[in-house]
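Chain by chain, the residues run as shown.
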Amino acid sequence: MNEARHIIIGTAGHVDHGKTSLIRALTGIETDRLEEERRRGLSIELGFAYFDLPDGSRAGVVDVPGHERFLDTMVAGAHGMDVVLFVVSAREGVQPQTVEHLQILDLLGVRHGILVLTMADIVDEEELEFAIEETRETLEGTTLEGVPHVAVSSITGDGIDSLRVLLVEVAARAVAEQERPHGIPRMPVDRAFTMEGFGLVVTGTLRGGSLNVDQNVKVMPGGAEGRVRGIQVHGASPDAAHAGQRTALNIAGIDREDISRGDVITTPELTHTATNIDVTLRVVSDYPRVVDHWLRARMHIGTREAFCRVVLLEEREGVLPGGEATVQLRLEEPVPLTRGDRYILRDDSVQKTLGGGVIVDPSAARHRRFTDATREALATMRDADDEALIRWLLQRDADPFLDKAKLAPYFPIPAARRKRWIAELARDGIAEDTGAYLIAGDRRVGLSEGIVERLGAYHSANPIEVGQGAAELRAALDGPVCEAGFDWLLARMESADAIRREGSLISLAGHEVQFADQDEDIRREVEDAFLGAGVSAPSVSELGASVPQRRLATVIQTLTQLGTLVKVADDYWMHADAYRETLNRLREHIRAEGSVTIGDFRDMTGATRKYAVPFLEHCDMRNWTYRDGNARRARRSFLEAGDA
C-alpha cells in the first residue's frame with residue numbers, strides 16, 4: 001500500500017451481531033472503552049482500533065454501534081469509511097438495523113466492503129448458506145452488491161486469517177480510487193478533551209490532505225485558531241498525519257470550550273460555512289411518507305448534526321419513497337462543508353433514515369421555485385466537471401467579478417494547487433485573474449463597453465465637467481460591480497488609453513472640457529482675478545457680485561479639476577501658478593531661517609492674517625509643516641522636494 005495512502009475500515013450491522021467481537025479478534029483491541037458499554041455488552045460510542053494487514057500496511061478501524069438508539073453515532077462513523085465489514089449474524093440473518101445501516105452506506109457511496117457472516121461456529125452449513133443468500137439479495141441494487149464474503153467465528157478464530165487476506169485485496173482497490181490526499185485537510189471531530197501536561201486533544205478521521213506538527217489550524221464553524229503541537233496516529237507520534245488516518249491532534253492556542261464534536265479542524269484557508277445548500281436527494285424506498293416542501297429533518301455530515309428544512313425546487317408534488325430530486329436544504333445553523341460532500345437526512349418524527357445525497361452547491365442562492373431557469377441551474381451544478389463549473393460560476397452572479405476566496409468550498413484543493421489551476425484557466429482564456437478576483441473575458445468586455453457608454457452619456461450631458469466620479473459611475477452601471485474589481489478594470493482601460501483618470505474623476509481618453517459662451521466669459525474673468533491676486537485671492541462670494549453664483553461654482557469646480565485652481569480652504573482658492581510660487585518662497589524661507597511665523601509669512605507675501613493663517617494650516621494638513629510653539633517647521637520631505 002502506498003505510504004502516502006491510508007485506509008479506514010469500519011463495521012456496520014445489527015446490534016449483537018458480533019461487530020465488536022470481530023474487531024477484537026482482528027486487532028486484539030477492545031473498542032468498547034466506556035464502563036457502561038462493557039457492563040451492558042453494547043456499543044454506545046464509536047470505538048477505534050488499528051491492526052497490520054498481511055502485506056505489512058496498517059489500517060485504522062472504526063467500530064460503530066448497532067442499536068437503533070445510537071444510529072446517529074453510526075452515521076458519524078460511516079462518513080469516514082473506505083472499506084466496510086458488513087456484519088450479519090449467520091444465526092439471525094438480516095435484521096432491521098442491517099437494512100438501515102445498508103441504506104446509510106449506500107447513500108454515503110461506500111462501495112468497497114466484505115460481507116462478514118459471524119457466529120459461523122453455531123450454525124450448520126445449510127443455515128450458513130441461507131444467511132449468505134438472504135444477505136446477498138438484500139445487497140442487490142446497492143453500492144455493496146457483489147462484494148466478497150467470508151464466514152468467521154470470533155470465538156474459535158475460524159475465518160479470521162482468511163478475512164485478513166481478503167482485506168488486503170479490497171483495501172488495495174479502495175486505495176487505488178482515493179482522491180483525498182489531494183484535497184484541503186479536514187478532520188471532523190468526534191472527541192475533544194484535555195490531558196494534564198498536554199492541553200487540548202481532539203480526535204477524528206483526517207480527510208483531504210495532510211496536517212503537520214507546528215501547522216496553523218482553524219476550528220470551523222467557530223473560527224478559533226491554534227497550532228498543532230503534536231500528532232498521534234495508531235500509537236505512534238509522526239510529524240504529519242495523512243488523509244485516511246485515525247488521528248489525534250494536540251492543539252495549542254484553542255480552549256476546550258471553543259471546540260466540540262461535529263466541528264471541523266482545517267487550515268485557515270477554508271473558512272466557508274453554509275446555511276443554504278443545493279443537494280441531490282435520494283429517498284430510501286421504505287420511508288413511510290412523501291417528502292413534502294418544508295419538511296424538517298436532521299442532517300448528518302461528517303460528525304456534525306444540524307436541523308434543516310427541505311425546499312422543493314423541481315417538483316411541486318414532493319419526492320416519493322425511492323425517488324430522487326435536486327432540492328435545497330435551509331440549515332438552522334452554519335455548517336462547514338464543501339461541494340461533493342455526502343450527507344444523510346433522518347426524520348426524528350418517525351425515527352427513520354429519510355435519505356441522503358451529495359452537495360452540489362455549498363453556497364446556494366435562494367432560487368425561484370419550479371422555474372425552467374432554476375431547473376437549468378440545478379442541472380448544471382449537479383452534472384458539471386471542474387471546467388464547466390468554473391465557467392458557470394463566472395457567469396452566475398450579477399457581479400461579474402468572482403471572489404477567489406470563495407472558490408475553496410467548490411474546489412477543495414490546496415491553495416498552491418488552486419493557484420496553478422487558475423493560471424491555467426487564464427492561459428486557456430477561460431478567466432482573467434485580477435489578483436483577488438476572476439472575471440470571464442466576455443463579461444470584462446461587456447463591462448468595459450458599458451463604462452464607455454456611460455461616460456459618453458455623462459460627457460454629453462455635462463460638457464463643462466472634467467469627468468464623472470468613480471463611485472457615481474460604478475453605481476450607474478447595469479448591475480452591481482465590486483469596488484476592487486471596478487478599480488482593476490479602470491486601471492486596465494487607462495493603460496489601454498480608453499479612459500483617463502484625474503483623482504476620483506473618470507473621463508473618456510479623448511474628452512475635453514467645453515465651456516459654453518457664457519461660461520467661457522466667466523472662466524476668463526475668474527482666471528484673471530485669481531492670477532493677479534496671488535495669495536490674497538478673492539472669495540467666491542466676492543466674485544459673485546458680478547457673476548451668477550450657480551454658474552460661478554460650476555466653473556470654479558471645473559478649473560479645480562483641471563488643475564488651474566487649487567483649493568486651499570473653504571471658500572479660498574488660489575491660481576495654481578501663484579500657489580506653486582508661494583510654496584517655493586515658503587520652502588526657501590524655512591531653509592534659510594529654520595522656521596516661519598505668521599508674521600514672517602505676511603512679510604514674505606504681503607498677505608494679511610486672513611490669508612496667512614489658512615494657507616499655513618493647509619500646509620500642516622498636507623503634512624509639509626508642523627507647529628512648534630508660535631512658529632512652524634518643515635518636514636524633511638517638503639524641504640528636499642524640488643520646486644513645486
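Counting from 1, residues in each chain are numbered in the order their sequence is written. For a predicted model such as this one, the threshold for reporting local features is a pLDDT of at least 70, and the threshold for listing and counting side-chain atom pairs is 80 or more; totals across whole chains, interfaces and linings nevertheless cover every residue. Here the side-chain values reflect all heavy atoms present in the structure, with hydrogen atoms and water set aside.

**Q** Tell me what's going on with the overall build of the chain, and back it up with residues and numbers.
**A** Put simply, DSSP marks the helices as runs of H or I at least four residues long and the strands as runs of E at least two long, and each gets a number from the N terminus on. A tally of helices and strands in the chain yields 19 helices and 30 strands. Radius of gyration means the value over C-alpha atoms here, while the globule rule gives 2.2 Å times the residue count to the 0.38 power. Computed over C-alpha atoms, the radius of gyration of the chain comes to 36 Å, more than 25% over the 26 Å expected from 2.2 N^0.38 for 644 residues, which places it beyond the range of a compact globule. In terms of overall dimensions, the chain has a C-alpha envelope of 120 × 60 × 45 Å along the principal axes. Residues classed as buried in the chain amount to 53% of the 644 residues present. Contacts between residues were defined by any pair of non-hydrogen atoms, one from each residue, lying within 4.5 Å. A sequence separation of at least 24 residues applies to 68% of the contacts in the chain between residues at least 6 apart. Roughly 29000 Å² of accessible area belongs to the chain as shown, and the carbon and sulfur atoms make up 45% of that amount. Counting rule applied: Lys, Arg positive; Asp, Glu negative; His and chain ends not counted. Note on charges: their place is set at NZ of Lys, CZ of Arg, CG of Asp or CD of Glu. For the chain, the separation between the mean place of its 75 positive charges and that of its 103 negative charges on side chains is 5 Å. A 1.4 Å probe rolled over the protein chains alone gives each residue an accessible area, and that area as a share of the maximum for its type sets the label: buried under 20%, exposed over 50%, partly exposed in between. Only the protein chains shown count as covering a residue, and every accessible area follows the Shrake-Rupley method with a 1.4 Å probe.

**Q** An account of the packing of helix α3 (residues 71-78) against helix α4 (residues 96-107) is requested, with residue identities and associated values reported.
**A** Fitting a line to C-alpha atoms yields each axis, with helices limited to the stretch in contact; the angle taken between N-to-C directions then spans 0 to 180 degrees. Taken N-terminus to C-terminus, the directions of α3 and α4 make an angle of 35°; their axes are 10 Å apart at the nearest point. Note on packing geometry: the crossing formed by α3 with α4 is right-handed. In this structure, α3 uses Leu71, Met74, Val75 and Ala78 to contact α4, whose residues at the interface are Gln97, Glu100, His101, Ile104 and Leu105. Each residue receives one of three labels: charged for Asp, Glu, Lys and Arg, nonpolar for Ala, Val, Leu, Ile, Met, Phe, Trp, Tyr, Cys and Pro, and polar for the others, Gly being one of them. Of the residues belonging to the contact of α3 with α4, the class tally is 6 nonpolar, 2 polar and 1 charged. Crossings are classed by handedness, with left-handed meaning an anticlockwise turn of the near helix from the far one by less than a right angle and right-handed meaning a clockwise turn.

**Q** Can you explain the sheet that holds strand β13 (residues 246-252)? Please cite residues and give values.
**A** Adjacent strands of a sheet form backbone hydrogen bonds with each other and so pair up, either parallel or antiparallel. Criterion used throughout: strands pair if DSSP finds at least two bridges between them. Around the barrel, 6 strands lie side by side as β7-β8-β13-β11-β10-β14; this closed barrel has antiparallel pairing. Going across the sheet, the axis of each strand differs from the next one's by a mean of 45°, ignoring polarity. As judged from the 6 bridges shared by strand β7 (residues 186-195) and strand β8 (residues 199-205), these two strands associate in the antiparallel manner. Its bridge partner being in β8, Met195 is matched across the sheet by Gly199.

**Q** Tell me what's going on with a negative patch on the surface, and back it up with residues and numbers.
**A** Taken together, the side chains of Asp124, Glu125, Glu126, Glu127, Glu129, Glu133, Glu137, Glu140 and Glu145 present a region of like negative charge at the surface. Structurally, the position occupied by Asp124 is in the loop between β5 (113-118) and α5 (125-139). Patch definition: residues with relative accessible area over 30% and no salt bridge; like charges joined within 9 Å; nonpolar side chains (Val, Leu, Ile, Met, Phe, Trp, Tyr) joined within 5 Å. A pairing counts as a salt bridge when a side-chain nitrogen of Lys or Arg comes within 4 Å of a carboxyl oxygen of Asp or Glu.

**Q** Give a detailed account of the packing of aromatic side chains, specifying residues and quantitative values.
**A** In this analysis, rings of Phe, Tyr and Trp, with Trp reduced to its six-membered ring, are considered paired at centre separations within 6.5 Å, and the interplanar angle assigns stacked below 30 degrees, edge-to-face beyond 60, and tilted for intermediate values. Counted by the stated rule, this structure contains 7 aromatic pairs. Plain terms: the ring middles of Tyr572 and Tyr611 are 5.5 Å apart, the flat faces sit at 65° to each other, and that makes the pair edge-to-face. Here Tyr611 lies in helix α18 (residues 609-621) and Tyr572 lies in strand β28 (residues 572-575), a separation of 39 residues in the sequence. Each member of the pair, Tyr572 as well as Tyr611, is classed as buried. Members of the aromatic cluster, each reached through a chain of ring pairs, are Phe401, Tyr437 and Trp488. Charge-over-ring contacts are defined here by two conditions on Lys NZ or Arg CZ: a distance within 6 Å of the ring centre and an angle within 35 degrees of the ring normal. Against the face of Phe638 rests Arg587, its NZ or CZ located 4.4 Å from the ring centre.

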